[in-house]
Amino acid sequence: MSYTSADPGPPALRLASTGTLTYGLSVGEVLGVSTLNGARLIAGRSGLERVVQRLNVMEVPDILSWVKPNELLLTTGYPLRNTPQSLDNLVADLDERGLAALAIKLGRYLDSLPAEMIAQADRRGFPLILLPNDVGFDDILNQVLTDILNRQAAVLARTEEVHRALVQIVLCGGGLQEVVDEVATLLDVAVVVLDGEQRVLAGAGPDEHVQAMRAFDAGRHAACGRGGCGIIGAHGTGDHLAVPVMAGGFDHGRIVAFSPGGTLRGTDLGILERAATVAALVVTKQQAVAAVESKYRADFLRDILAGRAGDDDRVVAHCDGFGWDLDRPVMVLVAELDGRPRGNGGPVPATGHEPDGKGRGKGDGPEGGTRGRGAEERSAQERLAAAWTSAVRRHDRGAAVASFAHEVVAVVGVDGADPAELTAGPAQAMVKEASSIFAEHLPVRRTFSTGISRTVTSPAALPEAYEQAVKAVRVGRQLNGAGARAHFDQLGVYRLLSLVSDPGELHAFVRETLGDLAADDEPELVDLRRTLQVLLETNLNVAETARRLHFHYNTLRYRIGKLERMLGAFTEDAHLRLNLTLALHVLRMRGI
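Residues numbered from 1 in each chain as written. Predicted model: local features only at pLDDT ≥ 70, side-chain atom pairs only at ≥ 80, totals over all residues. Heavy atoms only, no water.

**Some remarks on helix α14 (residues 523-537)**
At 3.6 residues per turn, the α-helix brings residues three or four places apart onto the same side. Between its terminal C-alpha atoms α14 stretches 21 Å, which fits the 21 Å expected from 15 residues at 1.5 Å a residue. Burial in α14 covers these residues: Leu525, Leu528, Arg529, Thr531, Leu532, Val534, Leu535 and Leu536. Residues of α14 that are buried in the fold lie against α13 (503-514), α15 (542-549), α16 (553-567) and α17 (574-588). Backbone geometry just downstream of α14 places Asn539 in the positive-phi region, at approximately 60 degrees. (Helix = DSSP H or I, 4+ residues; strand = E, 2+ residues; numbered from the N terminus. Expected span 1.5 Å × (residues − 1). Buried < 20%, exposed > 50% of the residue type's maximum accessible area, 1.4 Å probe, protein only. Contact = heavy atoms within 4.5 Å.)

See below:
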């Protein structure tokens, strides 16, 4: 047994079930107060860091019903004087209830403590303290509680001072970066603000520390799964502290502090919580401003695409204020989520529709799905807009990007009008990058289709270019399915077929032209239709068709005879071949 006096250290901290931070003294600090100069630690040295938040006096044998976690329990042993055998299990019972330590006066009611009790306290790291006989419980209660309250008052005062400093930064026009810089200076650690997808919104500290914080946050999410841990309050490890940034019931991310030397203290968590509150205010303000600016930009771009923004000089001058450069050759890109019905909307006045979604199908409204489905669609549309904005800005700082009700529209500059660059040029690079960003952190896989217009050289031609991009999206998806990328010049005859507004008329044409070959339920007929398609593609070159289909020449001649008995003498009738080719093109168009 030896006297132990702990050096004053950082305040201990615990997170209560309500999420409220409560500060206390460690057992080692309690042993250092003046009233306990003669106290001795007789067991449980490994538990000196346990937190003392309150004190209690043991006056009854059934004390277990009255104790609370983080208590320092004082006793003279009087309630146990007639049942010393119960001391063997007392340490285990108190430890299981979360008590910090047990302080005992010996000599009057108990002469000594059982060896098993001391051994059990050492095994559990539960401090047993022998109190001097000349110290009253009232003196211990008074001084220890006073020290706890003083510690709490000092911590709250510093936290409040930090809060006022952070609020002042925001009131003076500072943003997240200024808030993070101030917190990093105060705590002398690296600090970063991450959004819900582990993207860095602001950071202060070496790059390796920022990456360590991203890895810590990503690892915590991976351990909890996509649904999250369900933890609302702050949490962390020895070298990390993380606090959620919450506002209006929405989780905007986290603010994370990192100290590779493990120097983060309990009081730092309180400061980080205040910083998270201020960061939530900044994020909310930024979102409100961005929403207004985005709507204003989208409204003006909508007017341009509808042909009602004014002459070219006015449009170019107004766009300069947005950082858009439309005084150059440009093309229009339209990205639209797959799996959503779309009407025949467009900005051309003659159609009666505008690029704001008016006149679209009713399937997008509240009647078209549940409230949850609508929320998912809005979230996916916001992600799509963010992905396209990031990708386009990286390749063309002067491009115009805006999110409409059902699509994202970008007007980007081009170096030339050569269609050859469509497969590997800047437009395709933007599409690939936007697809990569959009696919990150999505709980459900979603895709989008993209349409690209021809190059135009003046703002006055943008309405027509927008219509071309919209048509490329619709027809490209019909031809290639979800995730299609199509340029207007690559649509060919499908542009004309898409103008037929009545799908029933197209179905009738296919049935009348192809007859039984229009069905998909018989493999033999499907195989014959494939033979017909290749024959028409090779301009009735029998040898080339046989080579492509891996048929013997005589087998192919037999098939040609069978096809002519079903469809007519198409090998001699050019008009019939044209009708057959068109019917096969219609079959290729999905959604018809």
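Picking up after the structure, the text goes on.
**Considerations on the pairing of strand β17 (residues 448-452)**
When you tally the buried positions in β17, you get five out of five residues, the bulk of the element. In this structure, strand β14 (residues 330-337) lies alongside β17, joined through five bridges in antiparallel fashion. Note on β17: the bridge partner recorded for Leu337 is Phe448. Here β17 runs beside strand β18 (residues 485-487); their pairing, made up of three bridges, is parallel. Considered in β18, the bridge of Thr450 is made with Arg485. Note that the unit made of β17, helix α11 (residues 462-480) and β18 has a crossover that is left-handed. (Pairing = 2+ DSSP bridges. Right-handed = clockwise from strand over helix to strand, strands pointing away.)

**Brief notes about the confidence of the model for the chain**
With 82% of its residues at a pLDDT of 70 or more, the chain shows a mean pLDDT of 79. Per-residue pLDDT stays below 50 along residues 222-234; that stretch engages in 13 contacts with residues further than four places along the chain or on separate chains. Overall, residues 341-354 carries pLDDT values under 50, and its contacts beyond four positions in sequence, including any with other chains, amount to 36 contacts. (pLDDT = per-residue confidence, 0-100.)

**So, unusual backbone geometry**
Non-glycine residue Asn70 carries a positive phi angle of around 65 degrees. On the secondary structure map, Asn70 appears in the loop between β5 (54-57) and β6 (71-75). Here the phi dihedral of Asn539 falls at roughly 60 degrees; this positive angle occurs in a residue that is not glycine. Along the chain, Asn539 falls in the loop between α14 and α15. Since its relative accessible area comes to 63%, Asn539 is described here as exposed.

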